[in-house]
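# Structural characterization, general
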Amino acid sequence: MPRRGKVALTQFAIVLGLILIWELGVRAGLIDPFFFPAPSTLIARIGEWTSTADFWTDVSITLLETVLSFLAGIGIGMALGIWLGLSPFAAEVLQPFIKVFNAIPRILLGPIFVIWFGLGLTSKVALGVTLVLFVAFFNTFQGVREVNPVVLANARLLRASKSSLLRHVYLPSATTWILSSLRVSVGMAVMGAVVAEYLGSSAGLGHLIAQAEGVLDATGVFAGIIVLSAFVVALDAIVDRAEKRLLVWRPAPAHEA
């Protein structure tokens, strides 16, 4: 059996074993179903949700917030990273302010965005952007700063213009760092959207979990977490495929060679 097949089989066996232990523990009375509902109960609740149109509306809203947060955060972060990477003076001036803003716990910004933008889409996207932005910024900034000096010197020796240096030297160097951090950025975008929905919203997966928590419905909370986990795993698989396609030139790790 190929290595990848063995890994997948082992992972499936671990998950199946944990589910069986959980189910048997609830049925035997060793686990309180009020706090830890049986997996069969969770599957039934998820089945009920997926049969309604409101559930798919919640999923689509969370997906829209995630995509908008991801694209806006990546765009702003890359632009800011390139600018400060090419301008040492501006980087030194703004560095303390960036550190202070980055040190602020993002969850504290959620209520502020709700006050500013209301319970609609804008406040959710704003919180997601603050999470994604710094991931993209620091990776872009580092990529621009760590450009190969030999390549840069050769390009200048050939009298490359500033736009040519940016397009052919700086951007390729920064893009490598950005693409390598896509998975983290997607996770941050999902986190921002769901946390903002949890703090205050009328739709979305975070709102679904918050509703269940409000009535002490542990089944709804666990079912929402499972749905959200599957949502993130699906997005991660898409990003992983895109990353492999865009970084096809990168050598495979030693254990995969």
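About the criteria used
- Residues numbered from 1 in each chain as written.
- Predicted model: local features only at pLDDT ≥ 70, side-chain atom pairs only at ≥ 80, totals over all residues.
- Heavy atoms only, no water.
- Helix = DSSP H or I, 4+ residues; strand = E, 2+ residues; numbered from the N terminus.
- Rg over C-alpha atoms; globule rule 2.2 N^0.38 Å.
- Buried < 20%, exposed > 50% of the residue type's maximum accessible area, 1.4 Å probe, protein only.
- Contact = heavy atoms within 4.5 Å.
- Lys, Arg positive; Asp, Glu negative; His and termini not counted.
- Charge placed at Lys NZ, Arg CZ, Asp CG, Glu CD.
- Phe/Tyr/Trp six-rings, centres within 6.5 Å; stacked < 30°, edge-to-face > 60°.
- Core = buried A, V, L, I, M, F, W, Y, C linked by side-chain atoms within 4.5 Å.
- Salt bridge = Lys/Arg side-chain N within 4 Å of Asp/Glu carboxyl O.
- Axes fitted to C-alpha atoms, helices over the stretch in contact; angles between N-to-C directions.
- Parallel < 35°, antiparallel > 145°, perpendicular 65-115°, else oblique.
- Left-handed = near helix turned anticlockwise from the far one by under 90°.
- Nonpolar A, V, L, I, M, F, W, Y, C, P; charged D, E, K, R; others polar.

### Digging into the overall build of the chain
- When its secondary structure is counted, the chain shows 11 helices and zero strands.
- Along the chain, from the amino end to the carboxyl end, the secondary structure elements read α-α-α-α-α-α-α-α-α-α-α.
- Relative to the globule expectation of 18 Å for 257 residues, the C-alpha radius of gyration of the chain, 23 Å, shows a markedly less compact shape.
- Projected onto the principal axes, the alpha-carbon positions of the chain cover approximately 75 × 55 × 30 Å.
- Sorting the 257 residues of the chain into buried and exposed places 37% on the buried side.
- Of the contacts made within the chain by residues no fewer than 6 positions apart, 72% connect residues no fewer than 24 positions apart.
- Across the chain, the centroid of the 18 positively charged side chains sits 17 Å from that of the 15 negatively charged ones.

### Considerations on the packing of aromatic side chains
- Under the definition given, this model contains 12 aromatic pairs.
- Look at Phe-113 and Trp-116: their rings are 5.9 Å apart centre to centre, the planes differ by 65 degrees, and that puts the pair in the edge-to-face class. One end of the pair is Phe-113 and the other is Trp-116, both in helix α5 (residues 109–117) and three residues apart, which spans about a single turn.
- Since its relative accessible area comes to 60%, Trp-116 is described here as exposed.
- The structure contains a cluster of three or more aromatic residues connected by ring pairs, namely Phe-101, Phe-134, Phe-137, Phe-138 and Phe-141.

### A look at the nonpolar core
- Phe-55, Val-190, Leu-205, Leu-228 and Phe-231 are the most contacted members of the largest nonpolar core, which totals 24 residues.
- Only α2 (39–50), α3 (53–86), α6 (121–145), α8 (162–180), α9 (182–199), α10 (205–214) and α11 (218–246) provide two or more residues apiece to this core.
- No other element matches α11, which puts six residues into this core.
- Non-local contacts of Leu-205, meaning those with residues more than four positions away in its chain, are made with Phe-55, Asp-58, Val-59, Thr-62, Glu-197, Val-227, Leu-228 and Phe-231.
- Ala-91, Ile-98, Val-125 and Phe-134 belong to the second-largest nonpolar core, a separate cluster that totals 10 residues.

### Topic: the environment of Leu-182
- Take Leu-182: it is sitting in helix α9.
- Residue Leu-182 is classed as buried on the basis of its relative accessible area of 11%.
- Spatially, the C-alpha atoms of Leu-182 and Glu-243 are 7.6 Å apart, while their sequence positions differ by 61 residues.
- Those residues in contact with Leu-182 that sit more than four places away from it in its chain are Phe-70 and Val-239.

### Observations concerning the pattern of salt bridges
- Evaluation of the coordinates by the stated rule reveals three salt bridges.
- Note that Glu-23 is salt-bridged to Arg-27, the shortest N-O span being 2.8 Å. Of this pair, Glu-23 and Arg-27 are both found in helix α1 (residues 3–27), four residues apart, which corresponds to roughly one turn of the helix.
- Here Glu-23 falls in the buried class, since its relative accessible area comes to 12%.
- The salt bridge involving Arg-45 is made with Glu-48; its shortest N-O contact spans 4.0 Å. On the criterion of helical spacing, the pair formed by Arg-45 and Glu-48 is a turn pair, its members being three residues apart in helix α2.
- Residues joined by salt bridges that share partners form a network here, namely Arg-45, Glu-48 and Asp-217.

### Side note on the packing of α9 against α10
- The contact between α9 and α10 brings their axes to 7 Å, and the two run at 40 degrees. Between α9 and α10, the interaxial angle falls into the category oblique. For the crossing formed where α9 meets α10, the hand is right-handed. In this structure, α9 uses Val-194, Glu-197 and Tyr-198 to contact α10, whose residues at the interface are Leu-205, Gly-206, His-207, Ala-210 and Glu-213.
- Residue classes in the contact of α9 with α10 are distributed as four nonpolar, two polar and two charged.

### Details of unusual backbone geometry
- If you check the backbone angles, Leu-216 has positive phi at about 55 degrees while not being a glycine.
- Examined against the element boundaries, Leu-216 turns out to sit in the loop between α10 and α11.
- Under the relative-accessibility criterion, Leu-216 is labelled exposed at 64%.

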